[in-house]
Amino acid sequence: MYRQRELRALRNAQKPLGRKKKQQKLQRKIIGFCLLVFLLGFLCGRVVLAAEQAMESWLPETEEPVESRLEEAGRDDWESGLETREIWQEQETALVSSVWEKDSGTGYEDEQQNLDWRLRLVNQDHSLPEDFSVELAQVGDGHQVDSRIARALLDMIEAGKRDGYGIWIVSSYRTMEKQVSLYEKQIDKWKRQGYSLEAAREKAGTMVAVPGTSEHQLGLAVDLVSSEYTGLDERQEETGSYQWLVKHCAEYGFILRYPNDKTEITGIIYEPWHFRYVGVEAAREIMDQGICLEEYLLQNR
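Residues numbered from 1 in each chain as written. Predicted model: local features only at pLDDT ≥ 70, side-chain atom pairs only at ≥ 80, totals over all residues. Heavy atoms only, no water.

Student: Break down the packing of helix 5 (residues 176-192) against helix 6 (residues 197-205) for me, citing the residues and quoting the values.
Tutor: Helix 6 packs onto helix 5 with a crossing angle of 125° between their chain directions and a minimal axis gap of 8 Å. As far as their axial angle goes, helix 6 and helix 5 are oblique. The chirality of how helix 5 crosses helix 6 is right-handed. Contacts between helix 5 and helix 6 involve Tyr183, Gln186, Ile187, Trp190 and Lys191 from the first element and Leu197, Ala200, Arg201, Lys203, Ala204 and Gly205 from the second. Partitioned by chemical class, the residues of the contact of helix 5 with helix 6 number six nonpolar, two polar and three charged. (Axes fitted to C-alpha atoms, helices over the stretch in contact; angles between N-to-C directions. Helix = DSSP H or I, 4+ residues; strand = E, 2+ residues; numbered from the N terminus. Parallel < 35°, antiparallel > 145°, perpendicular 65-115°, else oblique. Left-handed = near helix turned anticlockwise from the far one by under 90°. Contact = heavy atoms within 4.5 Å. Nonpolar A, V, L, I, M, F, W, Y, C, P; charged D, E, K, R; others polar.)

Student: Got a sec to walk through the side chain of serine 226? Specific residues and values, please.
Tutor: On the secondary structure map, serine 226 appears in strand 4 (residues 221-226). Judged by relative accessible area, which is 1%, serine 226 ranks as buried. Among the polar contacts made by the side chain of serine 226, one reaches the side chain of serine 241 at a distance of 3.3 Å. Once residues within four sequence positions are removed from consideration, serine 226 is found in contact with Gly166, Gln236, Thr239 and Ser241. (Buried < 20%, exposed > 50% of the residue type's maximum accessible area, 1.4 Å probe, protein only. Polar contact = N/O pair within 3.5 Å; in protein donor to acceptor, adjacent residues only side chain to side chain.)

Student: An account of the nonpolar core is needed here, citing residue identities and associated values.
Tutor: If you look at the biggest cluster of nonpolar residues, it comprises 29 residues, and the most contacted ones within it are Leu153, Met156, Leu224, Phe254 and Phe275. Contributions of two or more residues to this core are made by helix 4 (150-162), strand 3 (167-171), strand 4, helix 8 (240-248), strand 5 (254-256) and strand 6 (274-277). Top contributing element to this core by residue count: helix 4, with six residues. When neighbours within four sequence positions are excluded, phenylalanine 254 is seen to be in contact with Ile149, Ala152, Leu153, Met156, Leu220, Cys249, Phe275, Arg276, Tyr277, Ala283 and Met287. (Core = buried A, V, L, I, M, F, W, Y, C linked by side-chain atoms within 4.5 Å.)

Student: Report on the packing of aromatic side chains, specifying residues and quantitative values.
Tutor: Summed over all chains, the structure comprises three aromatic pairs. Residues phenylalanine 254 and tyrosine 277 carry aromatic rings whose centres are separated by 5.3 Å and whose planes lie at 75° to one another, so their mutual orientation is edge-to-face. You can see phenylalanine 254 sitting in strand 5 and its partner tyrosine 277 sitting in strand 6, a full 23 residues away along the chain. Each member of the pair, phenylalanine 254 together with tyrosine 277, is buried. Clustering of aromatic rings is evident, with ring pairs tying together Trp117, Phe254 and Tyr277. Over the aromatic face of tryptophan 117 sits the side chain of arginine 148, whose NZ or CZ is 3.9 Å from the ring centroid. When the ring centre of tryptophan 190 is taken as reference, the NZ or CZ atom of lysine 203 above it lies at 4.7 Å. (Phe/Tyr/Trp six-rings, centres within 6.5 Å; stacked < 30°, edge-to-face > 60°. Lys NZ or Arg CZ within 6 Å of the ring centre and 35° of its normal.)

Student: Report on the confidence of the model for the protein, specifying residues and quantitative values.
Tutor: Atomic detail in the predicted coordinates should be set aside for any region of low pLDDT. This prediction gives the protein a mean pLDDT of 78; 68% of its residues lie at or above 70. In this model, residues 55-82 is a region of pLDDT below 50 whose contacts with residues beyond four sequence positions or in other chains number 65 contacts. Low pLDDT (under 50) marks residues 93-115, which in the prediction has 46 contacts with non-local residues, meaning those over four places away or in another chain. (pLDDT = per-residue confidence, 0-100.)

In structure tokens, the structure reads:
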């Protein structure tokens, strides 16, 4: 009898200890779970940050739903190109685009009238005036261009479609605000790679036009890609749509604005997606001769 009472007393004494151990075990589990959640959150944050930084350097600056479009040019190639560029800057001083008048031409069917607005030069040395404005027309999917070239652009795209080539517009008219945003992103990209602010601005200007010097702000330029491949990079030239465009764009008044071997003159890298309206007559001469707009204007000034 006495023995049974001792055993009951011992079990009763052990019950609080058992409950305390269970509570401690539960606390350890809760702490472990919280630490695991914190660690996972930290790792996810690092992954997201790394992904954002990778995307900034991967995406182009058009506003475009696209993949990487730029090959990293070396400092030596870039600096040597500037010497040739300076020679062209001296020759271009004769081309004063800011006094060219804006007129109400009828489009690519009328070749002899009002060629001034079609051939307006906009580049690093010839910027648009602050009060520049243009009447825009919709060309599908939220894109706009100078209303005087809308019909020619749509006719060209439709002709390509009839021949079996899907041609998509991925960039068209841009506001000053949009151009500033694209340009600043490029500057930040080069600064992260170790370039000084001045050098970063120079590099950015070869890939995204300095605000006020972009043909997209002029309303006469569009970025066109193949429906089979939408990347804004040199692989675009391998598509059937690009090859069709190079062959037929002049028929509708368009040119490949930044050819592969004209970077030292245009100041812009090779862009096999950037097409500019200049009118049929000028377009045929430019494409047939394999020259750029700057060279054409110097020949015909």
